[in-house]
Amino acid sequence: MRLLIMGPPGAGKGTQGTKVAEELGIPEISTGALFRWNIANETELGLQVKAIIDAGDLVPDSVVEALVADRLAQPDAQPGFLLDGFPRTIHQAHDLEEILAGLDMELDAAISLVVDAATLAERMKKRAAIEGRTDDTEETMRHRIEVYEHETSPLLTFYRERGLLVEVDGLGDVDTVHDRIISSLHK
């Protein structure tokens, strides 16, 4: 299956993306994890991306798109993949369609985790404390949710119009949400 997973910051995309990819035997392609690795290893890209992420902004499309295009062309992504963190904008969604068309692929579904704002804030505070993430300050969290609402939430309409949107209730324990996702994909 060729999937993407989306939802506001703190919705559980990383956790669920990993579980879904493992169950389906496909690579999880997380732009966030790739960026965090580069930041932790203080690569040139990592230093540039750190300033952007710490401000709560999105990494420029050109950087993300090149990274994703290269990753999707790898042999292990040919039978399927799960994208986490891309696309985040309508522009990126159109670019993803072009990338996939160039690879003679199509997206099978766009999973959207639905979680209320209060739960999102609580989850991000917990994550910041556990993981020591500098991008999860209260001010940055509010900004990231605003950015999501403004730039990313239009993707719901984009994928709904294409018949690809699978909305899943993201509240509950990890296994319950995972079971909802798998069940929704088999419908």
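Anything mentioned here points back to the structure above.
Participant: Please clarify how the overall build of the chain should be interpreted in this entry.
Facilitator: Each helix and strand counted, the chain has nine helices and five strands in total. Helices and strands in the chain line up, N terminus first, as β-α-β-α-α-α-β-α-β-α-α-α-β-α. Scaling as 2.2 N^0.38, a compact globule of 187 residues should have a C-alpha radius of gyration of about 16 Å, and the chain matches this with 16 Å. Oriented by its inertia axes, the alpha-carbon framework of the chain measures out at about 40 × 40 × 30 Å. A burial count over the chain gives 46% of its 187 residues as buried. Looking at the chain alone, contacts between residues at least 24 apart form 74% of all its contacts between residues at least 6 apart. Put simply, the chain shows about 9,400 Å² of open surface, and 52% of that area lies on carbon and sulfur atoms. Distance from the positive charge centre (18 side chains) to the negative charge centre (34 side chains) of the chain: 5 Å.

Participant: Can you walk me through the nonpolar core in this structure?
Facilitator: Among soluble globular proteins, nonpolar side chains are generally buried collectively. With 27 residues, the main nonpolar core has Leu-4, Met-6, Leu-72, Phe-81, Leu-83, Leu-96 and Tyr-159 as its most contacted residues. With residues up to four places along the chain from it excluded, the contact list for Leu-83 reads Leu-3, Leu-4, Ile-5, Ile-29, Val-68, Leu-72 and Leu-96. In terms of nonpolar packing, the next biggest core, distinct from the first, is built from 21 residues, Ile-5, Ala-109, Met-124 and Val-168 among them.

Conventions adopted
- Residues numbered from 1 in each chain as written.
- Predicted model: local features only at pLDDT ≥ 70, side-chain atom pairs only at ≥ 80, totals over all residues.
- Heavy atoms only, no water.
- Helix = DSSP H or I, 4+ residues; strand = E, 2+ residues; numbered from the N terminus.
- Rg over C-alpha atoms; globule rule 2.2 N^0.38 Å.
- Buried < 20%, exposed > 50% of the residue type's maximum accessible area, 1.4 Å probe, protein only.
- Contact = heavy atoms within 4.5 Å.
- Areas by Shrake-Rupley, 256 points an atom, 1.4 Å probe, with all protein chains shown as cover.
- Lys, Arg positive; Asp, Glu negative; His and termini not counted.
- Charge placed at Lys NZ, Arg CZ, Asp CG, Glu CD.
- Core = buried A, V, L, I, M, F, W, Y, C linked by side-chain atoms within 4.5 Å.

So far we have only geometry, and geometry alone does not tell us how the molecule works.
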